[in-house]
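# Summary of structural features
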Amino acid sequence: QLQLQESGPGLVNPSETLSLTCTVSGGSISGDYWSWIRQLPGKGLEWIGYVRYTGSTNYSPSLNSRVTISLDTSKNDFSLRVSSVTAADTAIYYCVRGERTLAGPWGPGTLVTVSS
Amino acid sequence: DVVMTQSPLSLPVTLGQPASISCRSSQSLVYSDGNTHLNWFQQRPGQSPRRLIYMVSNRDSGVPDRFSGSGSGTDFTLKISRVEAEDVGIYYCMQGTHWPWTFGQGTKVEIK
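Conventions we followed
- Residues numbered from 1 in each chain as written.
- Chains lettered and ligands numbered in written order.
- Predicted model: local features only at pLDDT ≥ 70, side-chain atom pairs only at ≥ 80, totals over all residues.
- Heavy atoms only, no water.
- Pairing = 2+ DSSP bridges.
- Helix = DSSP H or I, 4+ residues; strand = E, 2+ residues; numbered from the N terminus.
- Axes fitted to C-alpha atoms, helices over the stretch in contact; angles between N-to-C directions.

What follows concerns the sheet that holds strand β8 (residues 77-82) of chain A. Residues and elements named next belong to chain A. The strand order β1-β3-β8-β7 describes an open sheet built from four strands, whose pairing is antiparallel. Because the sheet does not close on itself, it has two edges, and the strands there are β1 (3-7) and β7 (67-72). Adjacent strand axes in the sheet meet at a mean angle of 20°, parallel and antiparallel pairs treated alike. As judged from the six bridges shared by strand β3 (residues 18-25) and β8, these two strands associate in the antiparallel manner. Along β8, the bridge assignment pairs Thr 21 with Ser 79.

A few words now on the sheet that holds strand β8 (residues 75-80) of chain B. All names here are of chain B. Within the open sheet, the four strands sit side by side as β1-β3-β8-β7. Their pairing is antiparallel. Every other strand in the sheet has two partners, leaving β1 (4-7) and β7 (67-72) as the edge strands with one partner each. Adjacent strand axes in the sheet meet at a mean angle of 20°, parallel and antiparallel pairs treated alike. Bridge analysis of β1 against strand β3 (residues 19-25) gives four bridges, and the strand direction is antiparallel. In the strand pairing of β3, Ser 7 is matched with Ser 22.

All names here are of chain B. Direction of pairing for strand β2 (residues 10-13) relative to strand β11 (residues 107-111): parallel, over a ladder of four bridges. Across the sheet, Leu 11 pairs through a bridge with Val 109, a residue of β11. The pairing of strand β9 (residues 89-95) with β11 spans three bridges and is antiparallel. Bridging from a neighbouring strand, Gly 89 pairs with Val 109 of β11.

So this is what it looks like as structure tokens:
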């Protein structure tokens with residue numbers, strides 16, 4: 001059974017870089033698409049971007065200049081980096097298998113707070 | 001970006017009664033491959049979202065048949081034929097046709 005688990009700091013200083021990793025277990029990261037989605041406090045869901053098993057990526061234009069998503073097939077995980085964060089980046093961050101149909105599963109999510 | 005507008009945003013329902021959620025997109029969701037990439041997700045309290053319906057009307061494995069999706073073009077509906085206590089949560093529609101893919105604001109289903 002495929003499972004995803006986010007990990008990384010829960011608190012990030014303003015202007016610094018948010019870094020999260022999603023570890024995939026119960027299956028291979030190869031041959032699929034992997035996405036990062038966030039849920040802003042009290043608000044809905046926002047797609048950050050996705051990475052294909054080949055390493056190609058696509059980022060939301062609203063975050064494009066600050067986002068990097070990469071994968072590591074040797075570790076069976078993929079990562080998210082968001083630079084120059086502000087309080088507006090405070091959210092629950094989810095990693096998910098899939099792209100336009102977003103089949104899942106989703107990780108449990110990790111709350112990242114941007115604050116000094 | 002394609003705007004997904006759900007209504008209502010809050011839906012109190014009596015157990016055993018039907019429920020219906022509308023989702024409208026600001027552009028047609030018919031993709032170049034002829035498919036319409038409109039998905040529905042359920043987020044139960046304290047849990048991550050999970051997909052219920054993909055490509056308008058295809059139910060995911062394990063999803064009860066009281067859930068059904070319909071619609072075309074820009075107008076879509078999720079129906080629950082008889083609401084059960086486990087259906088409480090927030091329901092989101094999501095379009096996967098136009099990048100960036102976008103979600104509706106969510107509809108909170110609660111028991112009266």
